[in-house]
Each structure stands twice: as C-alpha cells, then as structure tokens.
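# Breakdown of the fold
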Amino acid sequence: MEEPPQLELSNLEIQNTGPDTRDEITACVDKVDDCPIEEVRLTVPITDDPTLPVLTFRTWFLGLISCALLAFCNQFFGYRQNPLYISSLSVQIVVLPIGRLMAACLPPKVIGIKGTRWSFSLNPGPFNLKEHVLITIFANSGSSYVYAIGVITIVKAFYHRDIHPVAAMILTQTTQLMGYGWAGLFRKFLVDSPYMWWPSNLVQVSLFRALHEKEKRPKGGSTRLQFFLIVLATSFAYYIVPNYLFPTISSISVVCLVWRNSVTAQQIGSGTHGLGVGSFGLDWATVAGFLGTPLSTPAFAIMNVMAGFFLVVYVLLPVAYWSNAYDARRFPIISSSLFMANGSRYDVSRVLDPATFKFSQSGYDDAGQINLSIFFAFNYGLSFAALAATLSHVALFHGRSIWRQTKATVSGQAGDIHTRLMKKNYAAVPQWWFLVMLVLVLGLSIFTCEGFGQELQLPYWGVLLAAGLAFFSTLPIGIITATTNQQPLNVVTELIIGYLYPGRPLANVVFKTYGYISMSQAIMFLMDFKLGHYMKIPPRSMFAVQLVGTVLASSVYFGTSWWLLERVGNICDPAKLPAGSPWTCPSDEVFYNASVIWGVVGPQRIFGRLGRYAKMNYFFLAGALAPVPVWALSRAFPERGWIRLVNMPVLLSATGVMPSARSVNYLMWGAVGLTFNHVVYRRYKAWWARHNYVLSAALDAGVAFMGIASYAMLQSRGINGVNWWGLQVDDHCDLARCPTAPGVSVPGCPVQ
C-alpha cells in the first residue's frame, strides 16, 4: 500500500505544480518563513498530511507496552546505588522496526467492538510518522519520574511509618493529573506562540526526520540516518569503558592525583566533591547525565548557566568557605547532609516525636540547631533569588508580549505557519475538558488529604493554596523553560507551608508535590504538546495519549515502588543492608533531608529569626532587583542584542541541581555545549543544521543501550569488572569531603 501524498510547502513542489496551484502555494509560502526562531526554521518541516491514521492499533499496543516498561524499569533502578535512567529515546528508536514489522505482517482485518459503533483495523497501512510520535509521547509519560513516589518512600523507608495504599495511590495519580490540567489552561501562550519554541524538542524532531524521511546522501557524506547509526554504534561500543571497565574516567582530577594528602588541594581539584579545578570526564553520561544534553540548549542559555556556575563555585563559595562564614570549615565544602555543631551528622530521630509524628521542641533543644554546608546554605539562598528573578524577568521582558498574545488569543489571530496548519487541519481540545479534570482532581486531592485519618497531615486549605501557587507560577516558569531550556528551581512551596504549618514533615512534602511539582509536570506536558504541534499531531489524539499514559505510568510507578518497599528488607538503609546490596536510595535520601529542613524543623528555625541562616532571605530582594539593570541596559542600548540574552533567572539558578550534580558535570556540559552551539553553529551552520540534534540523540541512545546491556548481562549477576584502581566510581579525592577547621574529628579525615 502506498502512503498518501504529503502536503509539501517547498520551492521544489511549487516548480512541479500547475500555474493556478503554484500561485496558491506561493501565496502560502510568503507566510511560511514567519517563524521567528532560526533553529526551528532549520529543523522543523512545514509539512502535513491530515489523512494519516494516528490512534491505530499499533499506536495503542506499542505505546501502552512502552509506557509500562519504562515506568517499571526506571522505578526499579531508581532505588539502586547507581540509578539507571532509560529515556523515551530508546523507545523512539526501538519501536520503528517493530512498527514496520507489524505493518508488514498483520492482516488489514477490521475488528468491531461489541455494543458500539467503534471499529479498528489491525493494519491500516504503512507505519507512519504520526503513530511513531504518539508512541514516543506514551514513552515520555513512562520515563518521567513520579514525584509522589518520593513521599511514599520516605514515609515507609526513612520515617518507618505506614501509609494507606489507597491514599498513596490517589496521591500518586492526582499530583500528576493536576499538572495536566494546568498545562491545558496555558496552551495558548506556551504552545501556540511561535516564540515559545522549547529547544529540547528539536532533538526529537530531528531524529524523527532522520528515521522517516527519504533523503539523498550527499556526495562524499552520509544521510542523517546513516550518521545516526554510525554515532549510535560508536557510542554503544565506547560506553563499556566508563560504565564497566574503567569508571574512573567519568571524573578525573589532575590536582588530586598530584596532591594526595592535602585536604585543601583536593577540595579545590575534586570534580565530584569540590570545585573541580583541573577536572574532566571522558564519558557522555558525565556531560549529559544531570543537566541534560547540552546540544539542545541554546548557546546564550549555556553562557548564562556557566556564568552563574563560575560566580557561585569560583567566587562566592571559596570566599565564604575560607572566611569561615557560618563556621563553614567545620563541614565539607559541598554537601547536602545535615550536621551537628561538632561536624558530625545530625540525628533526626531526636527532634521528631514518634507518637504524633510532629516536631519535638524538647528534643530539638537537646540536639541543637541544624547546620548546613556553606554551599547548601547558599544554594537555598540562590533558589530564593531565582524565584523572585523569574517573576520580575517575565514582567519586564515578556509582559508586553504576554498582553499582546492575550489580545491575539481573544481576537482569534493565528501564529506562525505551524499554528495555522494545526488550526486549519484539526479540531482543538475544548478548554472545558481541562477545567472538568482540574475540578475532579482537586476534589480527589482534598478527599485524600482530609481522609484516611489525615495521615498525610495536609488540611484542605493547604491543597487549595498549593493549587493556587501552581496556577500562578506555571506561566512565568513555562516562558523561561520554553525559551532557554532551563527550569529555575522553586522552593517557595516548602517555605510557605513551613511557616504556615510547621513541624509536620508529610504536610510539607505533600504541599510541595501539589504546588511546585504539579507545575513542573505541567511544563513537561506542555513540552509534549509542543512536540505534537511541530509534528502536526491532532490535539485530541495528543490529549487521549497523554491522559492514558499519565494514568498508566503513575499506576506502574506506584505498584513497582510499593512492591520493592514491601519486599526488600531494610531498603534505603545502607547500615542495615547486607554487604553488596544495591538498594541504598541515594536520591530519596536527599529528599528526606529536605523534608527534615522544611517540614520537621521548619524554615523558622533554619532561615527565620530562630535559625542560623536568616540572612539568606535577602536573596529574595536581590533576585527581584537583578533583572532590572539588564532590562534598563537593553532599553538604553537596543542595538546591542546580546544584553537581552543575559537571563538572570537562569544565571541565579545555575547551580540548582548541585550537589546531586557535580562540578565536573557543569564543566564538561559547558565545554561541549559551547563548542557545538556556538563555535560549530557559527562556522559550520549547514553541518550543525543537519547533524547536531541527530548527534545528541545517537550519543544518548548508545549510552542507554549499553547501560541496559551491561547491567542485564553482567552487573545484575554480580560481575562488576576487574578489581583495580580504575574501577572506583569516583575521582580518588577522598579528602575533599573532609572539614578543615582545627580540632574537628570526622572518621576518615585528618584532624587539622
């Protein structure tokens, strides 16, 4: 069966048409080049065939299986010492030959559904691009972490308390679906607008084109698909080295290799526990593991992130640490742990009443104040600044455009060629669908928090307040993400509920999940909406796939985590686990520490008048004012376009993913990103347009496939490679984690 002809709005097609048709298409082409973003014009095709089948049997079959498998695998591996994250990219590649095999083998039989007028064909024709996109959207739902699982984990594995499984299940579903509701409310601004271009989507668009479009190989070169396969094979073969044979090359510190007995030198040189001076990594996972692929991030955003990183890590942090601000030298220079005044780890059980599961003032008076590493303290301050800067930046730089878009939306004006094609060919999703979902989800959320003996500790007004915060923050943070590929971190939810309802750890994390995390989920859904927009997927098909995928993924994540928490003894407790057990839950430990800071002890005793770090609140004012001089300079010197590219929210939130991410990750991410998106983009633009995003996808896929293969065939059987110096997953800078204050004694560290 031949595929239906596609609507091609290109000069070649115009030349092959009759005079009347040519005039019509030429008139359309006059409006085709109106997308204001050059990267989009270079990457996204202006083609569409609205007759292609989309919600086919293949879409549902492969999509549901992909979603469930990714959800299970990512949650299963997420509790382990070395988490293995499998992205939707793997599914995007694997399902193509499976889909084509189904198209070649399945009969074109039409099957009717009893009692309805509905029917479907097992094989409606060749496996097409739109089916492939929708299956990938299914996979995106399965690969995205469900934050509510962290709440369940810390309750059962860290606080060692019970939680009703029905309450846990509804919490998991409602926090995800609330984000879907917010996404629907802001589609007009964050999807239809051509200025909201979502840079990371261009990687998938480029890969879809490489996999589906027939392309003539350039003389002496390769097609995009051939290039993808070559890089994929190379990445797959190479990753056995840093993943299994020689893990140390993921982070190499020259300084630590030279000065083996100096705490200060190792703090400066360590790429994993220090400043990372002279450190580097020969591993794509080091480049893209925490910050995402730099090849899909615009050069100006990379420059903002790296400027923020250098100012914080190489200016603010050394000055604060070696001047001993807040007794910084009693603790590691970079750490997310909580400490006693003497430098030892903080005993949380002393400040939490086991009978009421609330804060114990007498226990706190006995244990003393919580102390943070100086980096962790300043990182919270910078997150305060980033939040305030996001609001003022959007108001100053995008306020007028938001107002214009509001008027254009009301008057029904169209956007660029992609928006016009979507409006012309497909029915939009009615807004009331999203409104009904929001009302139902809010009702279920209140029922979950007020019912089940109020074990989640959050009252009904907390749910409504969290929903209001999510509503007001989705648009400004969505604008930042859609234009820079960076999402500023937000701690205002923990701060607000910590002051209003202190001493209750679960109330704090549940409030954050309904407030900030539902907004974060909305950003993810909007990004998928934009991918469907670029690939010309019917909006109602997108709605169905995202809704079903979200419910399925949440259910699988919940089932997998509950099974492991019940089945694995002493999970997440390394002190009680048998030797060699991988179930240490490193990410959940960070979440647990945050619940202690904001929920148990509360911000009043950390960042308020009763705490050591009250001055961090000045960062709110500094962040609100930070975009003003940039805006003023851009108005005074409009001919200097680079001034508008200084993005203070991105700069201030640059180190937000540290200390989970490390200095070496930032250094390698910035070096690779600027090489390709600044140097190569300027000097070899044709090569960049053809290969940049395909290169990114191939490197990611090779790492993912080799990670799965080496774990399944070797590491899961306890075969972890030859025991030699290079097998350590570290940079051999053990002293970088030591304090430098005189008289502080910590196991494994010299006393100064």
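Residue positions are counted from 1 within each chain, in the order its sequence is given. For a predicted model such as this one, the threshold for reporting local features is a pLDDT of at least 70, and the threshold for listing and counting side-chain atom pairs is 80 or more; totals across whole chains, interfaces and linings nevertheless cover every residue. In computing side-chain properties, one takes all heavy atoms of the structure into account and sets aside hydrogens as well as water.

A run of H or I in DSSP counts as a helix once it spans at least four residues, and a run of E counts as a strand once it spans at least two, with each numbered from the N terminus. A count of helical and extended segments in the protein chain gives 30 helices and ten strands. Over its C-alpha atoms, taken along the principal directions, the protein chain stretches across nearly 90 × 65 × 60 Å. Here the protein chain, with 752 residues, has 58% of them falling under the buried criterion. In the protein chain, once contacts between residues fewer than 6 apart in sequence are set aside, the share between residues at least 24 apart is 79%. All accessible-area figures derive from a Shrake-Rupley calculation using a 1.4 Å probe, and residue coverage is judged against the displayed protein chains alone. Here the protein chain displays about 31,500 Å² of accessible surface, and carbon together with sulfur accounts for 63% of that area. On the protein chain, the mean spot of the 53 positive side-chain charges and the mean spot of the 39 negative ones are 2 Å from each other. Relative accessible area decides the class of each residue, using a 1.4 Å probe on protein chains only: under 20% of the type maximum gives buried, over 50% gives exposed, and in between gives partly exposed. Residue contacts follow a heavy-atom distance rule, with two residues in contact if any of their heavy atoms lie within 4.5 Å. We count Lys and Arg on the positive side and Asp and Glu on the negative side, and we leave His and both chain ends out. Here the site of a charge means NZ on Lys, CZ on Arg, CG on Asp, or CD on Glu.

Below, the discussion takes up the pattern of salt bridges. Side chains that differ in sign of charge can pair as their charged atoms come close. Definition used for salt bridges: Asp or Glu carboxyl oxygen within 4 Å of a side-chain nitrogen of Lys or Arg. Here the structure, examined in full by the defined rule, presents eight salt bridges. Linking K156 and E566 is a salt bridge whose minimum nitrogen-to-oxygen distance equals 2.8 Å. Placement of the pair is K156 in helix α7 (residues 148–158) and E566 in helix α24 (residues 539–567), with a sequence separation of 410 residues. For K156, a relative accessible area of 16% corresponds to the buried category.

Any Phe, Tyr or Trp ring, taking Trp's six-membered ring, that has another such ring centre within 6.5 Å forms a pair; planes under 30 degrees apart are called stacked, those over 60 apart edge-to-face, and the others tilted. Inspection of the entire model under this criterion finds 46 aromatic pairs. Measuring from centroid to centroid gives 4.7 Å for F384 and F620, while their planes differ by 10°, and the two rings are stacked. You can see F384 sitting in helix α18 (residues 374–411) and its partner F620 sitting in helix α26 (residues 618–625), a full 236 residues away along the chain. The class of F620 is partly exposed, set by a relative accessible area of 23%. Taken together, the ring pairs connect Y326, F376, Y380, F384, W598, F607, Y613 and F620 into an aromatic cluster. Think of it as a cone above the ring: NZ of Lys or CZ of Arg counts as a charge over the ring if it is within 6 Å of the ring centre and within 35 degrees of the ring normal. A cation over an aromatic ring shows up here: K156 above the ring of W562, its NZ or CZ 4.4 Å from the ring centre.

If you look at the biggest cluster of nonpolar residues, it comprises 206 residues, and the most contacted ones within it are L372, I571 and F607. Apart from residues lying up to four places away in sequence, L372 is in contact with F331, L338, A377, Y380, I597, I606, F607 and Y613. Each nonpolar core is a collection of buried residues, namely Ala, Val, Leu, Ile, Met, Phe, Trp, Tyr and Cys, held together in the definition by side-chain atoms within 4.5 Å.

Together, Y238, V254, L257, V258, W259, F280, L282, V722, W724 and W725 make up a nonpolar patch on the protein surface, roughly 970 Å² of accessible area in all. Here the nonpolar patch takes three residues from helix α13 (residues 254–258), the largest share from any one element. With respect to the helices, strands and loops of the structure, V254 is situated in helix α13. To count toward a patch, a residue needs a relative accessible area above 30% and no salt bridge. Like charges then connect within 9 Å, nonpolar side chains (Val, Leu, Ile, Met, Phe, Trp, Tyr) within 5 Å.

The subject of this paragraph is helix α29 (residues 663–683). Residue count minus one, scaled by 1.5 Å, sets the expected span of a helix. With 21 residues, α29 should cover 30 Å at 1.5 Å per step; its first-to-last C-alpha distance of 29 Å lies within 8% of that length. The angle separating two fitted axes, one through the seven residues that finish at a residue and one through the seven that start at it, defines the bend at that residue. Of all the bends in α29, the greatest, near 30°, is centred on T675.

Now for the side chain of S710. Structurally, S710 can be placed in helix α30 (residues 685–713). A relative accessible area of 2% means that S710 is categorised as buried. Polar contact criterion, stated in full: a pair of N or O atoms within 3.5 Å, where within protein one must be able to donate a hydrogen and the other to accept it, and residues adjacent in sequence count only if both atoms are side-chain atoms. Of the polar contacts made by the side chain of S710, one reaches the side chain of N243; its length is 2.5 Å.

To continue, consider helix α8 (residues 165–185). In this model, α8 (21 residues) spans 31 Å end to end at C-alpha, consistent with the 30 Å of a helix rising 1.5 Å per residue. For α8, the tally of buried residues reaches 18 of 21 residues, placing the bulk of the element in the interior.

A few words now on unusual backbone geometry. With the exception of glycine, most residues fall at negative phi, and the peptide bonds are largely trans. Of note, F452 is a non-glycine position whose phi angle comes to about 55°, a positive value. By secondary structure assignment, the location of F452 is in the loop between α20 (431–450) and α21 (460–484).

This brings us to the state of the cysteines. What counts as a disulfide here is a pair of cysteine sulfur atoms lying within 2.5 Å. Following the criterion strictly, the structure yields three disulfides and no others. A disulfide bridge connects C572 with C585, and the sulfur atoms are separated by 2.0 Å. The S-S bond linking C572 to C585 shows a torsion near -70°; that makes this disulfide left-handed. Of this pair, C572 sits in the loop between α24 and α25 (586–601) while C585 sits in the loop between α24 and α25, and the two are 13 residues apart along the sequence. Accessibility classification places C572 together with C585 in one group, the buried group.

So, on to the confidence of the model for the protein chain. Per residue, pLDDT captures the predictor's confidence, and it can take any value from 0 to 100. Here the protein chain shows a mean pLDDT of 84. Residues at 70 or above account for 91%. In this model, residues 1–30 is a region of pLDDT below 50 whose contacts with residues beyond four sequence positions or in other chains number 30 contacts.

Residue position: S362 is located in helix α17 (residues 361–367). Linking S362 and V351, residues eleven residues apart in sequence, is a C-alpha distance of 7.6 Å.

When two helices pack together, their arrangement is given by the angle between the helix axes and by the axis-to-axis distance. Running from N to C, helix α4 (residues 57–78) and α24 point in directions that differ by 35°, and their axes come no closer than 8 Å. Two packed elements cross with a definite hand, and for α4 against α24 that hand is right-handed. Judged by residue contacts, W60, L64, C67, A68, A71, F72, N74, Q75 and F76 of α4 engage V548, G549, L552, A553, V556, Y557, T560, S561, W563 and L564 from α24. What counts as an axis is a line fitted to C-alpha atoms, over the stretch in contact for a helix, and the angles between N-to-C directions run from 0 to 180 degrees. In this scheme the crossing of two helices becomes right-handed for a clockwise turn of the near helix relative to the far one and left-handed for an anticlockwise turn of less than a right angle.

On the secondary structure map, D700 appears in helix α30. Between the C-alpha atom of D700 and that of D49, which follows or precedes it by 651 residues, the distance is 30 Å. Ignoring any residue separated from it by four or fewer positions in sequence, one finds D700 in contact with L89, W284, A288 and T293.

Helix α11 (residues 224–238) packs onto helix α10 (residues 201–212) with a crossing angle of 110° between their chain directions and a minimal axis gap of 7 Å. On the basis of the axis angle, α10 is roughly perpendicular to α11. Of α11, the residues touching α10 (which contributes L207, R209, A210 and L211) are R224, L225 and F228. Each residue belonging to the contact of α10 with α11 can be placed in one class, and the counts come to five nonpolar, no polar and two charged. Here the word oblique covers every angle except those under 35 degrees (roughly parallel), over 145 (roughly antiparallel) and from 65 to 115 (roughly perpendicular). Note that Gly is not counted as nonpolar here; it falls among the polar residues with everything else outside the nonpolar set of Ala, Val, Leu, Ile, Met, Phe, Trp, Tyr, Cys and Pro and the charged set of Asp, Glu, Lys and Arg.

This paragraph deals with the environment of W118. Topologically, W118 is positioned in the loop between β3 (110–112) and β4 (119–121). The sequence separation of W118 and A624 amounts to 506 residues, and the corresponding C-alpha distance is 55 Å. In this structure, W118 is in contact with I111, G112 and I113, ignoring residues within four places of it in sequence.

The subject of this paragraph is the side chain of S518. Locating S518 in the fold gives a position in helix α23 (residues 505–534). Here S518 falls in the buried class, since its relative accessible area comes to 0%. Of the polar contacts made by the side chain of S518, one reaches the backbone oxygen of G515; its length is 3.2 Å. Non-local contacts of S518, meaning those with residues more than four positions away in its chain, are made with T175, M178, G179, W182, A470 and T513.

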